[in-house]
Amino acid sequence: MTRPSQLILLGAGGHAKVIAELARAAGWQIAGFLAPRNERGEENLGAPLLGDGADLTVDPSWLEKHDLFPAIGEGEIRWREFVRLAAAGARVPSLIHPSALVSPSARIEAGAVIMAGAIVQADSVIGPAAIINTGAQVDHDCRVGAGAMIAPGAVLCGEVHIGDHAFVGAGAVIVPRIRIGRSAFVGAGTVVPNDLPEGSHLKTTRRISAFPKPE
């Protein structure tokens, strides 16, 4: 059976705009969005706003004719909606931008997204509903847990394990064989040389200023 070409996105915010463009670049047609009407207007990126998301429970024809995808940036909400879609029997694909480099031995689970310019190396596993964001690098034998977010430009060196629902900030570097616990938070630009326990919060270690210091 061939893959359906029609995709409905759950969400209509900024992250959904990125997902819509990625999906189109990967050959999908966007059938529409499901989101509160006050989140966007009647249309978003040229596709109709189909309803507020609760319609999934009353219009099973959508589940038969389309794939669905949780296009939501916030991790807990994205995971909750992924679970709801799966429980409803929806087909939830993984989405990979054509410019991403993904090893043929890597495994990308349902609901995961690999953004433009990202790299996923040999024997890595990207869990369900996880995000490998723009230009992020995942080296060999890494494990990225369910619902985790690897932000733009972050680097996971070899054999790094990222727990479910963890967040790795933009430009962060996780050195080889480090384990980041479930729901842990790594700030932008941080270099992580040691394991982080579940639920821990590591703030940014690199101070960045857009303006030169006065003379």
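The structure this text deals with has already been given above.
Here we summarise the structure given alongside this text. What you see is a predicted model; the values in this text were computed from it and never measured. (Residues numbered from 1 in each chain as written. Predicted model: local features only at pLDDT ≥ 70, side-chain atom pairs only at ≥ 80, totals over all residues. Heavy atoms only, no water.)

This next bit is on the sheet that holds strand 17 (residues 161-162). Across a sheet, strands are paired by hydrogen bonds formed along the backbone, either parallel or antiparallel in direction. Overall, parallel pairing links the five strands, which are arranged 8-11-14-17-20 in an open sheet. Each having just a single partner strand, strand 8 (107-108) and strand 20 (179-180) make up the two edges of the open sheet. (Pairing = 2+ DSSP bridges. Helix = DSSP H or I, 4+ residues; strand = E, 2+ residues; numbered from the N terminus.)

Scanning the model with the defined rule gives two aromatic pairs in all. Where Phe167 meets Phe185, the ring centres are 5.0 Å apart and the plane angle is 10 degrees; that geometry is what we call stacked. Placement of Phe167 in strand 18 (residues 167-168) and of Phe185 in strand 21 (residues 185-186) is noted, with a sequence separation of 18 residues between them. Overall, the relative accessible area of 29% leaves Phe185 in the partly exposed class. (Phe/Tyr/Trp six-rings, centres within 6.5 Å; stacked < 30°, edge-to-face > 60°. Buried < 20%, exposed > 50% of the residue type's maximum accessible area, 1.4 Å probe, protein only.)

On to the pattern of salt bridges, then. Side chains that carry opposite charge are capable of pairing whenever their charged atoms lie near each other. If you walk through the whole model with that rule in mind, you get five salt bridges. Between Glu81 and Arg84 there is a salt bridge, with the nearest N and O atoms lying 2.7 Å from each other. Separated by three residues within a single helix, Glu81 and Arg84 lie in helix 3 (residues 75-87), roughly one turn from each other. Looking at Glu81, the relative accessible area reads 10%, which means it is buried. (Salt bridge = Lys/Arg side-chain N within 4 Å of Asp/Glu carboxyl O.)

Another aspect to go through is the nonpolar core. Within the largest apolar cluster, 33 residues are counted, with the highest numbers of intra-cluster contacts made by Leu9, Phe33, Phe69 and Leu95. The dominant element in this core, judged by the number of residues it contributes, is helix 1 (residues 14-25), at five residues. Residues within four places of Phe69 in sequence aside, it is in contact with Leu7, Ile8, Leu9, Leu10, Ile19, Leu85, Val92, Pro93, Leu95, Gly111, Ala112 and Val113. In terms of nonpolar packing, the next biggest core, distinct from the first, is built from 30 residues, Ala118, Ala136, Cys142 and Val186 among them. (Core = buried A, V, L, I, M, F, W, Y, C linked by side-chain atoms within 4.5 Å. Contact = heavy atoms within 4.5 Å.)

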